[in-house]
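Residue-level structural notes
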Amino acid sequence: ARHGWEFVDEFFYRHHIRRYLTNIYHHPEPFYFFPVVALTGAMPWTFFLVPAVFRLRALRPRATARDSMLALAWVWVAWPVIFFSFSVAKLPGYILPVFPALAMIIGVEVERFWNGERERRLSVAAWLTALLSATLAVGFAVYTNDQLMNGTNWWRMGLIYLPAAVTAATILLLAA
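Residues numbered from 1 in each chain as written. Predicted model: local features only at pLDDT ≥ 70, side-chain atom pairs only at ≥ 80, totals over all residues. Heavy atoms only, no water.

For Arg66, the location among the structural elements is in helix 4 (residues 65–85). Judged by relative accessible area, Arg66 falls into the partly exposed class, the value being 37%. Along the chain, Arg66 and Val108 lie 42 residues apart, while their C-alpha atoms are 8.8 Å from each other. With residues up to four places along the chain from it excluded, the contact list for Arg66 reads Val108 and Glu111. (Helix = DSSP H or I, 4+ residues; strand = E, 2+ residues; numbered from the N terminus. Buried < 20%, exposed > 50% of the residue type's maximum accessible area, 1.4 Å probe, protein only. Contact = heavy atoms within 4.5 Å.)

Right, here's the structure in full:
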């Protein structure tokens, strides 16, 4: 009320409507930008979304609380990703609220695998996740070693190779 229409124009029109409909802030991206951001943001667990998508049709939201939660999570992910995909200006932070829902969806699939379900898609997702984690851990160690190591700090070396060691232990547990 103190600033009148200047505030309304700046806050609502310029920072919401114009940002959505025009490229005023020079952040144009392709339509598929936000699905890629969501999948990348879910790494290394992204592969567990494949069996989750295939189970979508089997959801019965009125039957169980878990299915209700999963249906809500899928809507929670789909609505912002689709809505912001139509915007002209795109920044990754626009879809930050979808990540808790993605975590719930992925968590249900990980729990299914943990509880012994060995449906083919679920097993493939687990192994691809392990492979991706190993690749990321080795990449982290190589990059960090090249950037930070001078060869004398053993505690640094331990921290650099810790993700690789955790990933190796995880793969051994997965194989067992």
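As a further point, take a nonpolar patch on the surface. A cluster of nonpolar residues, Phe7, Phe11 and Phe12, forms a patch on the protein surface that exposes about 300 Å² of accessible area. Locating Phe12 in the fold gives a position in helix 1 (residues 5–21). (Patch = residues over 30% accessible without salt bridge, like charges linked within 9 Å, V, L, I, M, F, W, Y side chains within 5 Å. Areas by Shrake-Rupley, 256 points an atom, 1.4 Å probe, with all protein chains shown as cover. Salt bridge = Lys/Arg side-chain N within 4 Å of Asp/Glu carboxyl O.)

Mapped onto the secondary structure, Phe31 falls in the loop between helix 1 and helix 2 (33–41). Given a relative accessible area of 49%, Phe31 falls into the partly exposed group. Discounting chain neighbours no more than four positions away, the residues touching Phe31 are Ser85, Phe86 and Lys90.

The next thing to look at is the packing of aromatic side chains. In total, this model carries nine aromatic pairs according to the counting rule given. The interplanar angle of 35 degrees and the centroid separation of 6.3 Å between the aromatic rings of Trp45 and Phe48 together place this pair among those described as tilted. Looking at Phe48, the relative accessible area reads 4%, which means it is buried. Here the aromatic residues Tyr20, Phe33, Phe34, Trp79, Phe83, Phe84 and Tyr94 are joined through ring pairs into a cluster of three or more. Lying over the aromatic face of Phe54, Arg121 brings its terminal NZ or CZ to 3.6 Å of the ring centre. (Phe/Tyr/Trp six-rings, centres within 6.5 Å; stacked < 30°, edge-to-face > 60°. Lys NZ or Arg CZ within 6 Å of the ring centre and 35° of its normal.)

Let us look at the pattern of salt bridges. In the structure shown here, the tally under the stated rule is five salt bridges. A salt bridge links Arg55 to Glu109; the shortest N-O distance between them is 2.9 Å. With Arg55 in the loop between helix 3 (49–54) and helix 4 and Glu109 in helix 5 (residues 98–114), this residue pair connects regions lying 54 residues apart in the sequence. On the accessibility criterion, Glu109 (2% relative accessible area) is buried. For Arg112, the salt bridge goes to Glu109, with nearest N and O atoms at 2.4 Å. With Arg112 and Glu109 both in helix 5 and three residues apart, this pair spans about one turn of that helix. Neither Arg112 nor Glu109 differs from the other in exposure class; each is buried. One connected set of salt bridges, linked through shared partners, spans Arg55, Glu109, Arg112, Glu117 and Glu119.

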